[in-house]
Amino acid sequence: MKSRTTLYPILLSILLLALGALACSLPGSNGGNAPTILTGSGNDAASITAVVEEYRALFGGENNGGDPGTKGPDGFREINWDTLPDELAAPNLYAPDFFNQPEAPRARGIVLNTPGEGLMVSADRDNPYGALPRFGNLNPQYADIFKTFSEERLFSPVGSHIVNLTFFVPGTNTPATVKGFGAVYLDVDTNHTAFEYFDKDGNSLGKFETPISDNGLSFLGVMFDEAIVYRVEVRYGTGPLGPNDGEGDVDVAVMDNFIFGEPQVLP
Ligand SMILES: [Ca+2]
Ligand SMILES: [Ca+2]
Ligand SMILES: [Ca+2]
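Residues numbered from 1 in each chain as written. Chains lettered and ligands numbered in written order. Predicted model: local features only at pLDDT ≥ 70, side-chain atom pairs only at ≥ 80, totals over all residues.

Observations regarding the overall build of the protein
Line of reasoning, step 1. The number of helices and strands found in the protein is three helices and 14 strands.
Line of reasoning, step 2. In the protein, buried positions account for 39% of the 267 residues.
Line of reasoning, step 3. Residue pairs at least 24 apart in sequence account for 73% of intrachain contacts in the protein once pairs closer than 6 positions are excluded. (Helix = DSSP H or I, 4+ residues; strand = E, 2+ residues; numbered from the N terminus. Buried ≥ 20, exposed ≤ 12 C-beta atoms within 10 Å, placed from the backbone. Contact = placed C-beta atoms within 7 Å.)

As for the sheet that holds strand 3 (residues 110–113)
Line of reasoning, step 1. Strand order in the open sheet formed by five strands is 3-6-12-9-10, with antiparallel pairing between adjacent strands. Where the open sheet ends on each side, the last strands, each with one partner, are strand 3 and strand 10 (204–209). When strand polarity is set aside, the average angle formed by the axes of neighbouring strands in this sheet is 20 degrees. (Pairing = 2+ DSSP bridges. Axes fitted to C-alpha atoms, helices over the stretch in contact; angles between N-to-C directions.)

Some words on the environment of Val252
Line of reasoning, step 1. Tracing the sequence through the fold places Val252 in the loop between strand 12 (231–235) and strand 13 (254–261).
Line of reasoning, step 2. The class for Val252 is buried, based on 29 C-beta atoms found within 10 Å.

Description of the environment of Val52
Line of reasoning, step 1. If you trace the backbone, Val52 turns up in helix 2 (residues 46–58).
Line of reasoning, step 2. According to the C-beta neighbour criterion, Val52 is buried, with 23 such atoms within 10 Å.

A look at the pairing of strand 9 (residues 194–198)
Line of reasoning, step 1. Burial of the side chains of strand 9 is restricted to one face: Phe195 and Tyr197 are buried, whereas none of Ala194, Glu196 and Phe198 on the reverse face is.
Line of reasoning, step 2. The pairing of strand 9 with strand 10 spans five bridges and is classified as antiparallel. Looking at the pairing, Phe198 lines up with Ser204 of strand 10.
Line of reasoning, step 3. Between the antiparallel neighbours strand 9 and strand 10 lie five residues, among them Gly202 with a positive phi of about 85 degrees.
Line of reasoning, step 4. Here five bridges tie strand 9 to strand 12, and the two strands are oriented antiparallel to one another. By the bridge assignment, Phe198 is partnered in strand 12 with Arg231.

Let's talk about unusual backbone geometry
Line of reasoning, step 1. The amide bond that connects Ala104 to the next residue, Pro105, takes the cis arrangement and shows omega of 5 degrees.
Line of reasoning, step 2. Here Pro105 lies in the loop between strand 2 (76–79) and strand 3.
Line of reasoning, step 3. Looking along the chain, the bond that leaves Glu151 and enters Glu152 is cis, with omega of -15 degrees.
Line of reasoning, step 4. Note that Glu152 resides in the loop between helix 3 (142–145) and strand 5 (155–158).
Line of reasoning, step 5. Of note, Trp81 is a non-glycine position whose phi angle comes to about 75 degrees, a positive value.
Line of reasoning, step 6. If you check the backbone angles, Phe135 has positive phi at about 65 degrees while not being a glycine.

Quick look at the nonpolar core
Line of reasoning, step 1. Core analysis: the biggest nonpolar cluster contains 62 residues, and Phe135, Leu154, Phe181, Val184, Val229 and Val254 have the highest contact counts within it.
Line of reasoning, step 2. Broken down by element, this core gets its largest block of residues, six residues, from strand 8 (residues 180–188).
Line of reasoning, step 3. Excluding anything up to four places from it in sequence, Val184 contacts Ile48, Val52, Phe149, Leu217, Phe219, Met255, Asp256 and Asn257. (Core = buried A, V, L, I, M, F, W, Y, C linked by C-beta atoms within 7 Å.)

What about the pairing of strand 13?
The side chains of a regular strand alternate between both faces of the sheet.
Line of reasoning, step 1. Taking burial as the measure, the eight residues of strand 13 include eight buried ones, the bulk of the element.
Line of reasoning, step 2. With four bridges connecting them, strand 2 and strand 13 associate as antiparallel partners. Residue pairing in the sheet places Phe76 in a bridge with Gly261 of strand 13.
Line of reasoning, step 3. Note that strand 8 and strand 13 share five bridges and pair antiparallel. Across the sheet, the residue bridging to Tyr185 is Met255, located in strand 13.

Quick look at helix 2
Line of reasoning, step 1. Along helix 2, the residues that are buried comprise Ile48, Val51, Val52 and Tyr55. Buried residues along helix 2 cover an arc of 105 degrees about the axis, so they all sit on one side. Every exposed residue of helix 2 that faces more than 90 degrees away from the buried side is listed here: Ala46, Ala50, Glu53 and Ala57. (Arc of directions from axis to C-beta.)

The following block contains the structure:
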């Protein structure tokens, strides 16, 4: 039988481990309430439509479209990539501030950056370059494994699997925060695809993994009580587009619709 002197340190370690596990499961160190997390997955667009609708509804307002300026505390902005001109889609690179131009419908308050070569929106079926749709221009396999939520363009970084999203008062250079960000992913095979949210001071508000759906669609949306999200780091699969999905440890994943809260000017 163990004596008290050896039992106490053991009990103490168990308690500390339990506290540590609890702290790890908490959404960052912002001290606010836990965010609302909505997830869904399935083999076709219809299978995630309800959860995407539910996420839009959490913002308590309408789709605020692409007008400049902040339209009050409620509502959301959405990007489906589909109306992009061919010159800014594959095989060409996308302009990082395309959806923060000063005029409607491009004033949506989001700027995207990657440490890689650039950003790309996939080609549509009648593009003048003859590029295969759904990133088939980078690897023909991709046109078979990536479905679409909204027809027909998708989004991905190139030469990296990281994208940083920052928010602005739509159509201006004034930094802004949002209540939440959610997006649709395609062909998530492993637990490498995730969002990490940061406040204006660079503190993490939590990291959230996307549901897995081989050859299918996944949705992840996170919503905070207040507009405290200044930046979102988005991670796609195990690495950049290029190699065959499923070969060795390779998992490539891309995105369709982005949905985010109405950008609010920093206090
Ligand atoms: Ca689309
Ligand atoms: Ca796959
Ligand atoms: Ca994949």
